[in-house]
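# An overview of the molecular structure
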Number of protein chains: 2
Amino acid sequence: MGELVFIGLGLWDERDMTLRALEEARACQVLFAEFYTSRLMGTTPEGISRSLGRKVSILGREQVEDGRLILAAAGTSRTGFLVPGDPMMATTHVDLRLRAEGAGIPTKVIHGTSIFSAAPGLLGLQIYKFGRTTTIPRTTPNFRPSSPYAALAANKAGGLHSLVLLDIGEDGALGAREALDYLEAMEGQEGKGVLTPSTILAVLGRVGSPNPTVVVGTLGELREADLGGPLQCIILPGKLHFAEEEALRHWRTP
Amino acid sequence: MGELVFIGLGLWDERDMTLRALEEARACQVLFAEFYTSRLMGTTPEGISRSLGRKVSILGREQVEDGRLILAAAGTSRTGFLVPGDPMMATTHVDLRLRAEGAGIPTKVIHGTSIFSAAPGLLGLQIYKFGRTTTIPRTTPNFRPSSPYAALAANKAGGLHSLVLLDIGEDGALGAREALDYLEAMEGQEGKGVLTPSTILAVLGRVGSPNPTVVVGTLGELREADLGGPLQCIILPGKLHFAEEEALRHWRTP
């Protein structure tokens, strides 16, 4: 009798698995993993495999979207699907779960730590006051969508904070500097005042690691600062509560 | 040399700690915990203490807000502060962190699994399309704030989903039925169409446990259904993508 268990790997390395995740993964007969929706920068697929003491087959985007390999295994064996972060953040994974259930295969979700709560908490802004999250893609002269900027403008109009994720493409994750370039260019084009010269932003890096980075400042200040490397995310604060102002001031102190 | 480590306990029981959390907690000389911002329904403070093999002092709201006990310990000893979920979701905890840093005490955050990503993922709605989160308090004839309803109305107007948390008071957590009563009463009073007879809602319970409950239906259907007990949360869907419609349909099937 098969089963499909979606197992969150959390944020940084193999130590971000919960005890429940570890136990569930070890109880599986077959283990798959994907690292295209996010990455664990603090380890490698081999590191994960080693810490589980088990073989893990890494699947690419097409194999996950196709799903047949996973579903075939899950039809007869207890099958684990390891996913960075909390495991049901991608539509494909939800789709896979529904297909399994539709085929009579029981499913389970083992949650993992996630950037969606970690980033607001690390910076010290209230998670209750975040509007919708947006992702900045890698742009080209022919592809520069305005929807991420529009989402930030809508949040700001409502006084809400914004979590901005940076696209994880096949050519590597988008860096914070390129994301800031995008935002500045869109501000020039759309002019909704999302990013003025005095707007304060935060760039967070290595979230979930033993030494995360938090840099807070204006666009000009961020351009001068060491922002670290991917994976990074950006937080654009909305209306600030007194305690939130203090948190930003803390991080802005050089 | 002291240190203050904020350690997330995750969602359900002692098995929701990450390996990193376990390691960090065991490396502390002094351990505090609080269970008033949230609760681990699958275990007890004693269960946590036992699984760490360490004494844990449970603090009440006043002691955490006052903070002196924690800061005094952290000034001289490696001190861990155990918090359900992801540990920096409450203003008090952020404030405590800033006070520690201000007093020259290094701090660290060890993330935990959180309802903010777990609930959307479990239901199968896209976390990117959630607007601000709101909490429904325990109301009385003299205290029935309209702000939670207003937050839902704003999200719905923007086509966004809403995560609705239920207050965890000293008299026990608010139940989903009382929360639905509140929403119905507010709809009658404010009339913004947040909750019509055909509106589909989801009630989630025991999120993070081995047997979470997800019930999807109209207000009328939910009144007839077994919604389980606290802790619960509610999700009010906004505009639905095709895959999200499928997820809701899946859960609604009796």
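Residues numbered from 1 in each chain as written. Chains lettered and ligands numbered in written order. Predicted model: local features only at pLDDT ≥ 70, side-chain atom pairs only at ≥ 80, totals over all residues. Heavy atoms only, no water.

Now for the nonpolar core. Among the nonpolar cores identified, the biggest contains 42 residues, and L4 and F81 of chain A together with I115, L123, L163, L204 and I235 of chain B are the most heavily contacted of them. Broken down by element, the residue count for this core peaks at six residues, all from helix α6 (residues 115-123) of chain B. Beyond its immediate chain neighbours, meaning those up to four positions away, L123 of chain B contacts A202, L204, V214, V216, I235, A247, L248 and W251 of chain B. One finds L165 of chain A together with F6, Y36 and V83 of chain B within the second-largest nonpolar core, a separate group that totals 41 residues. (Core = buried A, V, L, I, M, F, W, Y, C linked by side-chain atoms within 4.5 Å. Buried < 20%, exposed > 50% of the residue type's maximum accessible area, 1.4 Å probe, protein only. Helix = DSSP H or I, 4+ residues; strand = E, 2+ residues; numbered from the N terminus. Contact = heavy atoms within 4.5 Å.)

Least-squares fitting of chain A to chain B yields an RMSD of 0.0 Å, with the transformation described by 0.0 Å of translation along the axis and a rotation of 180°. Such a combination of rotation and displacement between the chain copies is what one expects of a two-fold axis. Relative to the rotation axis, the C-alpha of T18 of chain A is the closest in chain A, positioned 1.9 Å from it. (Least-squares fit on C-alpha atoms with pLDDT ≥ 70 in both.)

Our next topic: the packing of aromatic side chains. Summed over all chains, the structure comprises four aromatic pairs over all chains. A centroid spacing of 5.6 Å and a plane angle of 85° characterise the contact between F116 of chain A and Y128 of chain B, whose relative ring orientation is edge-to-face. Taken together, the positions of F116 of chain A in helix α6 (residues 115-123) and Y128 of chain B in the loop between α6 and β6 (134-136) put the pair across two chains. Given a relative accessible area of 8%, F116 of chain A falls into the buried group. The exposure class of Y128 of chain B is partly exposed, given its relative accessible area of 27%. Their ring planes at 70° and their centres at 6.0 Å tell us that F6 of chain B and F81 of chain B sit as a pair that is edge-to-face. Highlighted residues: F6 of chain B in strand β1 (residues 3-8) and F81 of chain B in strand β4 (residues 78-83), separated in sequence by 75 residues. (Phe/Tyr/Trp six-rings, centres within 6.5 Å; stacked < 30°, edge-to-face > 60°.)

Moving on to the interface of chain A and chain B. By convention, interface size is frequently given as the accessible area that disappears when the constituent parts associate. Opposite the 51 residues of chain A that make contact, chain B presents 51 residues. Taking both sides of the interface into account, the surface hidden between chain A and chain B amounts to around 4,500 Å²; carbon and sulfur atoms contribute 59%. Of all residues in chain A, R15, R20 and Y128 of chain A give up the largest surface area on contact with chain B, accounting jointly for 17% of the area buried on that side. Counting across the interface, chain A meets chain B through six salt bridges. (Buried area = accessible area lost by both parts, 1.4 Å probe. Salt bridge = Lys/Arg side-chain N within 4 Å of Asp/Glu carboxyl O.)

All names here are of chain B. It is the contact of helix α7 (residues 147-157) with helix α8 (residues 176-190), at a shortest axis distance of 10 Å, that shows an interaxial angle of 75°. Compared by their axis directions, α7 and α8 come out roughly perpendicular. In contact with P148, Y149 and L152 of α7, α8 contributes Y182, L183, M186, E187 and E190. By residue class, the composition of the contact of α7 with α8 is six nonpolar, no polar and two charged. (Axes fitted to C-alpha atoms, helices over the stretch in contact; angles between N-to-C directions. Parallel < 35°, antiparallel > 145°, perpendicular 65-115°, else oblique. Nonpolar A, V, L, I, M, F, W, Y, C, P; charged D, E, K, R; others polar.)

Moving on to the sheet that holds strand β10 (residues 201-205) of chain B. For sheets, the rule is that strands pair by backbone hydrogen bonds, running either parallel or antiparallel. All names here are of chain B. Ordered by their spatial adjacency, five strands build an open sheet running β6-β7-β12-β10-β11, and the pairing between neighbours is mixed. The open sheet has two edge strands, β6 and β11 (213-217), and neither has a second partner. Within the sheet, the average angular offset between the axes of one strand and its neighbour, ignoring direction, is 25°. As judged from the four bridges shared by strand β7 (residues 162-166) and strand β12 (residues 232-236), these two strands associate in the antiparallel manner. When the bridges of β12 are listed, L165 appears paired with C233. Across the face of the sheet, α8 comes into contact with β6, β7, β10 and β12 while running at roughly 35° to β12. (Pairing = 2+ DSSP bridges.)

Right, let's get into the sheet that holds strand β3 (residues 57-59) of chain B. Residue and element names in this part refer to chain B. Spatial ordering of the open sheet is given by β3-β2-β4-β1-β5, a layout of five strands whose pairing is parallel. Edge positions in the sheet fall to β3 and β5 (107-110), since each has one partner strand and no second. On average, each strand axis in the sheet is inclined to that of its neighbour by 25°, with strand direction left out of account. Sheet topology places β1 next to β4; six bridges connect them, and they run parallel. Looking across to β4, one finds that F6 is bridged to F81. Along the sheet face, helix α5 (residues 91-102) touches β1, β2 (30-34), β4 and β5 and points at about 160° away from the line of β1.

Another aspect to go through is the pairing of β1 of chain B. Residues and elements named next belong to chain B. A large share of β1 lies buried, amounting to six of its six residues. Of the two faces of β1, the one carrying E3, V5 and I7 and the one carrying L4, F6 and G8 are both buried. In the sheet, β1 pairs with β5 via four bridges, with the strands oriented parallel. If you follow V5 over to β5, its bridge partner there is K108.

All names here are of chain A. Where helix α4 (residues 68-76) is concerned, the buried positions are I70, L71, A73 and A74. End-on, the buried residues of α4 take up no more than an arc of 165°, which puts them together on one face. Set apart from the buried face of α4 by more than 90 degrees, the exposed residues are R68, A72 and T76. Its buried side turned inward, α4 meets β1 (3-8), β2 (30-34), β3 (57-59), β4 (78-83) and α5 (91-102). (Arc of directions from axis to C-beta.)

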